[in-house]
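# Results of the structural survey
Listed below, chain by chain, are the residues.
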Amino acid sequence: MARIPYFDPANADGKLKETIDKLPGLNIFRMMAHSDGLLAKFTGLGNHILGRAKLDATLREIAIIRVGVLSKASYEVHQHERIGRQIGMSDDLIKALHEGPEAEAFDDIQRLVMLYTDD
């Protein structure tokens, strides 16, 4: 349960309404909507990382999910495990993210990303 009530999209207007109308109804966006202009910037950064960055998508998700695991951010882990599956990550690879860099599911580059992320 959220400690702060989620923003009601029905109360949005102007630029905030335009931004909310483009987004899925995820709780993170409903919470970020309290920050008014920050939501558009936040989603812009996220969209760039997820869609336009040059980093391989699997390596990106390995780093994101591992950070979520290490920081016990279950919401982030859940959302990015779903994204990982959408881009073709196997269940074995996703499970290995919870085990650590020594897990056998990783290739050499993936293991380096895990080690770097853990550091």
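Attention now moves to the nonpolar core. Grouped together as the largest cluster of nonpolar side chains are 14 residues, with contacts concentrated most on Ile 62, Ile 65, Met 89, Leu 97, Phe 106 and Met 114. Those elements that provide at least two residues to this core are α4 (57-70), α6 (91-99) and α7 (108-118). Not counting residues within four places of it along the chain, the set of residues in contact with Leu 97 comprises Ile 62, Ile 65, Arg 66, Val 69, Met 89, Phe 106 and Met 114. Core analysis: the second largest hydrophobic core is formed by eight residues, Ile 20, Phe 29, Met 32 and Leu 39 among them.

Together, Leu 45, Ile 49 and Leu 50 make up an exposed nonpolar region whose accessible area comes to about 260 Å². Following the sequence through the fold, Leu 50 ends up in helix α3 (residues 38-51).

A separate point is the side chain of Glu 81. Mapped onto the elements, Glu 81 comes out in helix α5 (residues 74-86). Despite its burial, Glu 81 pairs with no opposite charge; the closest candidate is Arg 85, at 4.4 Å N-O. Ignoring anything within four residues of it in the chain, the contact list for Glu 81 reads Ile 65, Ile 94 and His 98.

What follows is about the environment of Phe 7. With respect to the helices and strands, Phe 7 occurs in the segment before α1 (14-22). Exposure remark for Phe 7: the relative accessible area of 14% places this residue in the buried category. Along the chain, Phe 7 and Val 77 lie 70 residues apart, while their C-alpha atoms are 23 Å from each other. The contact partners of Phe 7, leaving out residues within four places of it in the chain, are Ala 12, Leu 16, Ile 20, Arg 30, Ala 33 and His 34.

Over its 13 residues, α5 runs 18 Å from end to end, which matches the ideal 18 Å to within 8%, given 1.5 Å per residue. When we look at burial in α5, the residues that qualify are Val 77, Gln 79, His 80, Glu 81, Ile 83 and Gly 84. Those residues of α5 that are buried lie in contact with α3, α4 and α6. Positive phi shows up at Gly 88, right after α5, with a value of about 105°.

What follows is about the side chain of Thr 58. By the secondary structure assignment, Thr 58 is in helix α4. For Thr 58, a relative accessible area of 18% translates into the label buried. When residues no more than four places from it in sequence are discounted, the contact partners of Thr 58 are Ile 87, Met 89, Leu 93 and Gln 110.

So, about the packing of α4 against α7. Describing two packed helices takes the angle between their axes plus the distance from one axis to the other. Running from N to C, α4 and α7 point in directions that differ by 35°, and their axes come no closer than 9 Å. The handedness of the crossing between α4 and α7 comes out as right-handed. Every residue of α7 that contacts α4 at Thr 58, Leu 59, Ile 62, Ala 63, Arg 66, Val 67 and Leu 70 is listed here: Ile 109, Gln 110, Val 113, Met 114, Thr 117 and Asp 118. Looking at the contact of α4 with α7, its residues break down into eight nonpolar, three polar and two charged.

Basis of the calculations
For every chain, the first residue of its written sequence is number 1, and the numbers climb from 1 along that sequence. In keeping with the predicted nature of the model, local features appear solely for residues at pLDDT of at least 70, side-chain atom pairs appear and are counted solely at 80 or more, and the whole-chain, interface and lining totals rest on all residues. As a rule here, side-chain values come from all non-hydrogen atoms in the structure, and water together with hydrogens is ignored. Only buried residues count toward a nonpolar core, which is a set of Ala, Val, Leu, Ile, Met, Phe, Trp, Tyr and Cys residues joined through side-chain atoms within 4.5 Å. A simple rule labels every residue: compare its accessible area, found with a 1.4 Å probe on the protein chains alone, to the largest value its type can have, and call it buried under 20%, exposed over 50%, or partly exposed in between. Helix and strand assignments follow DSSP, with helices taken as H or I runs no shorter than four residues and strands as E runs no shorter than two, numbered in order from the N terminus. Contacts are residue-level and defined by heavy atoms, with any inter-residue pair within 4.5 Å sufficient. Exposure above 30% relative accessible area and the lack of any salt bridge qualify a residue for a patch; like charges then connect within 9 Å, and the nonpolar side chains Val, Leu, Ile, Met, Phe, Trp and Tyr within 5 Å. Accessibility throughout is a Shrake-Rupley quantity obtained with a 1.4 Å probe, and a residue counts as covered only by protein chains that appear here. Each reported salt bridge corresponds to a side-chain nitrogen of Lys or Arg within 4 Å of a carboxyl oxygen of Asp or Glu. A residue counts as positive if it is Lys or Arg and as negative if it is Asp or Glu; His and the chain ends are not included. Expected span of a helix: the number of residues minus one, times 1.5 Å. Only the contacting stretch of a helix is used when fitting its axis, a line to C-alpha atoms as for every element, and angles between N-to-C directions run 0 to 180 degrees. The handedness criterion is simple: a crossing whose near helix is rotated anticlockwise from the far helix by less than a right angle is left-handed, and one whose near helix is rotated clockwise is right-handed. Residue polarity is assigned by list, with Asp, Glu, Lys and Arg as charged and Ala, Val, Leu, Ile, Met, Phe, Trp, Tyr, Cys and Pro as nonpolar; anything else, Gly included, falls into the polar class.

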